[in-house]
Every structure is written in C-alpha cells, then in structure tokens.
Number of protein chains: 2
Amino acid sequence: MTFGGKPTERGESRATVEYVLLGLLAIQPSGEIHGYDLGRALADGVIGQIVRVEPGMLYHYLKRLSRDGLLSTRVEAQVGRPDRQLHSLTAEGWNSLSTWLAAPVRSTREIRLEFLIKLYLSRQLDPAQARRLVLEQLNVMNARSQRLEAQIQATYPSTPDYVFGETILQLREGQTRAALEWLNSLPEASDSSESGNE
Amino acid sequence: MTFGGKPTERGESRATVEYVLLGLLAIQPSGEIHGYDLGRALADGVIGQIVRVEPGMLYHYLKRLSRDGLLSTRVEAQVGRPDRQLHSLTAEGWNSLSTWLAAPVRSTREIRLEFLIKLYLSRQLDPAQARRLVLEQLNVMNARSQRLEAQIQATYPSTPDYVFGETILQLREGQTRAALEWLNSLPEASDSSESGNE
DNA sequence: CCCGCCATGTAAAAGGTTACATGATTTA
DNA sequence: TAAATCATGTAACCTTTTACATGGCGGG
C-alpha cells in the first residue's frame, strides 16, 4: 500500500514490535520471561492498547531476536507441560533497545505508536532519559510545525489542486500542533531539572 | 505488525489504493485511461502526496479490479510501443466507488489518508456528496471526542499504568479535536445549503 | 466429561516491496 | 550515442494474518 510521506524508510533496522518485546523484557523485575507470559503482559498491560501482537508473530519475533543475538534463551523443563523458553536481554539487546529509546520519532503518525511506547518504557527504565526524549521530540515537532507553516504561507497558484494541497498542509499542521500541546502537558516537559538537553 | 485499535477490520472490502485508482479513473474527462498515464496522474497530482503506488502494484491492482468486474479494459494497438490497456469504470465499479466515497472513516488516523482522498474525489464528482461526507465525518469525530472525554473523566485507580492510559487518551483526544477543527474549517462545513444530512 | 488453560509452534495463504525485463523511440 | 520515455508486466522475496496441532491438567 505504501502510505505515508516518506519512502518506507525501513533501511535502518527492525520493526517496532521487536523493540516492544525487548522493552517488555527490559522492565521485567526478574530479567527474564517466556513467550506466553510476554503475550499476556502485552495483552493485559497498557501497551496492548497501542500495539497488538498475535501469538504466531510473537514467537516468530522472539526467534528472530534470538537468532540476531539480542536475546539469549534458556530452556526450563516442566512436567506435564511444554518446556518454557526463558528469554533475557543480551548486551547487544540492551544496546539496541537504548539506541531506539533515545531517538525521537519523525512524524506525527509515529507519535501515536512508537513515541508512546518509548515514553512508557523509558519512564520505567530511566526517567532522565525520558525527559531527554520528550524534549527532543518537542524540538522535532516544533521544527515540523514551522516548516508546515512556512509552506502554508508560501503563495500558490490558485488552481484547485494547489488549494487542496494547502488544505492537506493545514490538516497536518493542526495535528502537529495538537501533538505539541500534548507533549508540553507531559510532566517531563515542565519538570524543573538541570539535566540539559544533549 | 498489527497496529491500531481495531482488529484490522478488512473484512468488508478492498484496499484504499484500489479506490484511489477507481477514483482517478472516475475523474478522467475521457472516462478511460491506461496504466502508465494513471501512474503519472497519481505521481504528479495531489493524491501522490498522500498515497504512493509503485508501478508493480499499480498494474497488479488494475488486473485485480478488471478481474473483479469493476473495470472493463480494451486494448489499443500501437506501433513501435507496447499496446495500451485502456480501462474504464463498469457500473459495478461506479457503485463500489460511490459506496466507498459515501462512508465516513472511523479513526483519526484514517482522516489523513482515506478521508482526504474521499474529499478530493467527491468534490470533483459530486459537491453535494462532498458536503454530506464532511458533515457525517464531523458527526463521527464528535462522537469520538465525547467518548474519549467521558473515558478521561472516569476515575481510575492511580497506578502508573492507569495514569499512562489516561495520557494516551489525552493524546487521542487532542488529535481528534484538531481533526474536528480542521473539518469545521472546510467550506463544506460552513456552506449555507439546504441539502440536509442524510 | 468437556472446556479452557498452558506453551509452543507450524503451515498455508494473502498481501506488499523491489528489482528487473522488454524493446522501440524520442531527446540531449 | 547514450539516456530517458513509453507501457507493460514478472519473479523473487519478505512480512503479516489465520488457522490449526500438540497434549496433559484443573475446574465446573
């Protein structure tokens, strides 16, 4: 279908769901969890309101993450039940997760998915990092808002198509402003704290 | 990946891109067009800013639509160039397109894709229909906004997860309100016209 | 006794992306 | 003479969805 503004930039890395799994693993007190429990934690928790992962995909992704060295897996034998595959983050896994968590998202659309997850996870893993994330995201959205405003100000020929193009820009600008206001309402945005932004 | 709130309700019908193709065909003065030109019309026009369709997919969808009886295709022979497949809408194609155009979208996310396309097309095909679409979309978003507000008002336990759930709701509500304001800014929303809603 | 839970998967199908094939013809 | 345009597609590949397989065990 290829929706959205950018050319499907998946060049960089892995799917959001994989980071969700890494993140859920990271916030386990025990440090390890098996697929079934992970599925329940996902379905029952807040993150389940944002992302949905079918069992088939869940195990598929866990395999992939293990294959790629982001998880290490040990088997716990059980009596009368299938063995549990207990997964835990490797150093590489932590690394990959931290890098992902640190990067603000580019588009408004992504705020409603990736950013929410990043915020949720980094609040639990590292509040200072959460603050940095929010501030950087504010910068990104501010830049975006200004770019859109400039585009709207620019004079167009008044053919119907250009007029419609302006209407599109106005929608995007409104969505961006709403996101900005929401970001500013977060505790991380108003916190008096000296930990500067980068 | 399976994002979004609802269970991927694609039970009803076909992909948005297919309606885009039907719609672009519908607004051709000649009533017919071949794939290559369609691709250019898409890439050059405003719709290209919303959806992107690779050539491979384009011809694939045209075949599907032909197979399903929404398009009829005639071949125009050419010298020194491949033959042109000239497509035009069948009665069933018009029907399918009109039904799709008449239905408002459910979520805020879909406003930025499907609704924009519906608006663009129905403005050119039937302005009265465009007015109905906008008004119905306003109703949908109003209902959504009120539902979200009610959810936010409801008292939660103040566990971190519930607090975060509320934060999510606030984001959604902000996005919905922005969409409402944008809808209200459209000429269709303020037009003094007697053509009632439904 | 039947159903649903536990825990892991596999297999098939559907959908989407990317790159390339073809081959004449106009443009630089 | 090289490149881009025209016009249509195919093939290979990846991702996602859906449904089902397994098999003991606890609850109604």
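This one's a predicted model, so the numbers in the text were calculated from it and none came from an experiment.

So, how was this worked out
Residues numbered from 1 in each chain as written. Chains lettered and ligands numbered in written order. Predicted model: local features only at pLDDT ≥ 70, side-chain atom pairs only at ≥ 80, totals over all residues. Heavy atoms only, no water. Salt bridge = Lys/Arg side-chain N within 4 Å of Asp/Glu carboxyl O. Axes fitted to C-alpha atoms, helices over the stretch in contact; angles between N-to-C directions. Helix = DSSP H or I, 4+ residues; strand = E, 2+ residues; numbered from the N terminus. Parallel < 35°, antiparallel > 145°, perpendicular 65-115°, else oblique. Left-handed = near helix turned anticlockwise from the far one by under 90°. Contact = heavy atoms within 4.5 Å. Buried < 20%, exposed > 50% of the residue type's maximum accessible area, 1.4 Å probe, protein only. Least-squares fit on C-alpha atoms with pLDDT ≥ 70 in both. Pairing = 2+ DSSP bridges. Expected span 1.5 Å × (residues − 1). Bend = angle between axes of the 7 residues up to and from the residue.

**Q** Explain the pattern of salt bridges to me, and be specific about the residues and the numbers.
**A** It is possible for side chains bearing opposite charge to pair when their charged atoms get close. Applying the stated rule across the entire model yields 18 salt bridges over all chains. A salt bridge links E18 of chain B to R14 of chain B; the shortest N-O distance between them is 2.9 Å. Between D68 of chain B and R67 of chain B there is a salt bridge; the shortest N-O distance is 2.8 Å. Among the charged side chains, a network of salt bridges with common partners joins R14, E18, R64, R67 and D68 of chain A.

**Q** I'd like a rundown of the packing of helix 1 (residues 16–26) of chain B against helix 5 (residues 108–125) of chain B, residues and numbers included.
**A** All names here are of chain B. It is at 10 Å that the axes of helix 1 and helix 5 come closest, and there the two elements cross at 15°. With respect to their mutual orientation, helix 1 and helix 5 come out roughly parallel. The interaxial crossing formed by helix 1 with helix 5 has left-handed handedness. The residues of helix 5 that touch helix 1, namely those facing T16, Y19, V20, G23, L24 and A26, are E114, I117, L121 and L125.

**Q** Summarise the environment of Q151 of chain A; cite the residues concerned and give the values.
**A** Residue and element names in this part refer to chain A. For Q151, the location among the structural elements is in helix 6 (residues 127–153). Assessed through its relative accessible area of 32%, Q151 is described here as partly exposed. The sequence separation of Q151 and L71 amounts to 80 residues, and the corresponding C-alpha distance is 45 Å.

**Q** Give a description of the relation of the copies chain A and chain B that names residues and reports values.
**A** Superposition of chain A onto chain B requires a rotation of 180° combined with a translation of 0.0 Å along the rotation axis, giving an RMSD of 0.1 Å. The operation mapping one copy onto its partner corresponds to a two-fold rotation axis.

**Q** Tell me what's going on with the sheet that holds strand 2 (residues 71–76) of chain B, and back it up with residues and numbers.
**A** All names here are of chain B. With antiparallel pairing, three strands are arranged side by side in an open sheet as 1-3-2. On the outer flanks of this sheet lie strand 1 (32–34) and strand 2, each paired with one strand and no other. When the angles between neighbouring strand axes are averaged without regard to direction, this sheet yields 30°. In the sheet, strand 1 pairs with strand 3 (residues 84–89) via three bridges, with the strands oriented antiparallel. Within strand 3, the residue paired with I33 across the bridge is H87.

**Q** I'd like to hear about helix 5 of chain B, residue by residue, with values.
**A** Given a rise of 1.5 Å per residue, 18 residues ought to cover 26 Å, and the 24 Å separating the end C-alpha atoms of helix 5 of chain B matches this to within 8%. Along its length, helix 5 of chain B shows its largest kink, about 40°, at E114 of chain B.

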